[in-house]
Amino acid sequence: MNNDLLQIISKFDIDGSIGSIEPFGGGHINDSFRALNTSTQSPNYFLQRINHHVFKDVQGMMSNIRSVTEYLYDKYCKDAAGGEEMLALKIVKTLDGELYSKFGDSYWRLYYLIEGLKSIDVPSSADIVFEGARGFGQFVADLHHFDATSLTDTIPYFHHMPRRLKRFEEVVSEVKVEKTDEKQAVEFVRKVGDELCELQRLLDRGSLPLRVTHNDTKFNNILFDKNNKARCVIDLDTVMPGLVHYDFGDGVRTSTCTSDEDESDLDKVDIDMDFFEAYTSGFLEDTRGILSNLETQTIVEGALMMPFIMGVRFLTDYFEGNIYYKTAYPTHNLVRAKCQLELTRKMLARKADLISIVKKYS
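In this text, all values refer to a predicted model and were calculated from it rather than measured experimentally.

So, how was this worked out
Residues numbered from 1 in each chain as written. Predicted model: local features only at pLDDT ≥ 70, side-chain atom pairs only at ≥ 80, totals over all residues. Heavy atoms only, no water. Pairing = 2+ DSSP bridges. Helix = DSSP H or I, 4+ residues; strand = E, 2+ residues; numbered from the N terminus. Buried < 20%, exposed > 50% of the residue type's maximum accessible area, 1.4 Å probe, protein only. Core = buried A, V, L, I, M, F, W, Y, C linked by side-chain atoms within 4.5 Å. Contact = heavy atoms within 4.5 Å.

## Comments concerning the pairing of strand β2 (residues 31–37)
1) Next: Summarising the sheet, strand β1 (residues 18–23) and β2 pair through five bridges and their orientation is antiparallel. Across the sheet, residue S20 finds its bridge partner in β2, namely L36.

Here's what the structure looks like:
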């Protein structure tokens, strides 16, 4: 067991004694570990190194997480119906009462490990898609009365499409775009970019409300029990004010695509319409009562925008030299970008069908 990890976890107010610390889970950004107690009477823990190069405002991010998790934890403990359905992460503070600890050049946080739950990278059935979407929708609905403006924008302009496109153009202007697939990707971004800025225009006009949103609703960011019932939303680093469209859209992106996020064979990349219907039905189950008419009418824009903005971000990172996302090989971000842009293209071709499905469950 890594002695540094033992030193780090000793900074937190834990019960019992840690017997082992092992890598746990995956992801593009943070490094995670499961810390197992030697005593069966004491809890196990989830230790995570915060990527402060991505999340530069560590204090603001952790304050957001604390506020939201304490609100949800209190709600689920007091609300019998909610308590039976959903759980909330719970932060373990340091011995000094802080939300995180610094060790060397790194920042670390600790949660109680929620036992007996699992994540699902790729849903295998429409029933699981529905249940995951219902969990994410309930997360938004449960925070309906939480003041979104009290949260910090931990990554300013995170889903600001015009700014992402502006940065993309700045980066592209500084490199040589020579390969055919690079040129095709750049051309597609420029072709549809303005169309996919519509949500930002509506937000700027004050037509859409800011809500507390997760902003990174990859399907594996919700935990399921053994009966495949959604129980807990996790990975709350990007919880901040946002549009409900972002949470709906990123869930659609990661649960309804027929391929992996980095599929190189673009013929395999498409949207599973049965899964889209299941996701829409599940997400709107708890949110249809709180969403405005315009939010519901435009929610498909989120499903179109999220694969596109991810494609733009992957492509930008590729041209910048792969400085943001973890990559397995030099062109990994280009492959990811092409996949996400292909998904965008196919979803745009089916936009009318997607809107019809949303109307069915609104």
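## Comments concerning the sheet that holds strand β9 (residues 230–233)
1) Next: Taken in spatial order, the three strands make up an open sheet running β6-β8-β9, and their pairing is antiparallel. Across the chains shown, the open sheet's two edge strands, defined by having one partner strand only, are β6 (118–119) and β9.
2) Next: Two strands pair when backbone bridges link them, and strand β8 (residues 222–224) and β9 are joined in this way by three bridges, in the antiparallel orientation. What sits directly across from I222, in β9, is V233.

## Topic: unusual backbone geometry
1) Next: Notably, N215 is not glycine yet its phi reads approximately 75°, a positive angle.
2) Next: As for its position among the elements, N215 is in the loop between β7 (211–213) and β8.
3) Next: With relative accessibility at 2%, the residue N215 sits in the buried group.
4) Next: Look at N322: it is not a glycine, yet its phi comes out positive at around 60°.

## A word on the nonpolar core
1) Next: Judged by nonpolar contacts, the single largest core of 103 residues is most densely connected at M62, V68, F276, F283, F308 and L315.
2) Next: Sort the elements by how many residues they give to this core and helix α10 (residues 293–320) lands first, with 14 residues.
3) Next: Contacts of L315, omitting those with residues within four sequence positions, involve F168, A185, V186, V189, N333, L334 and A337.
4) Next: Counting 13 residues, the second-largest nonpolar core is a separate cluster that includes L5, I8, L47 and W108.

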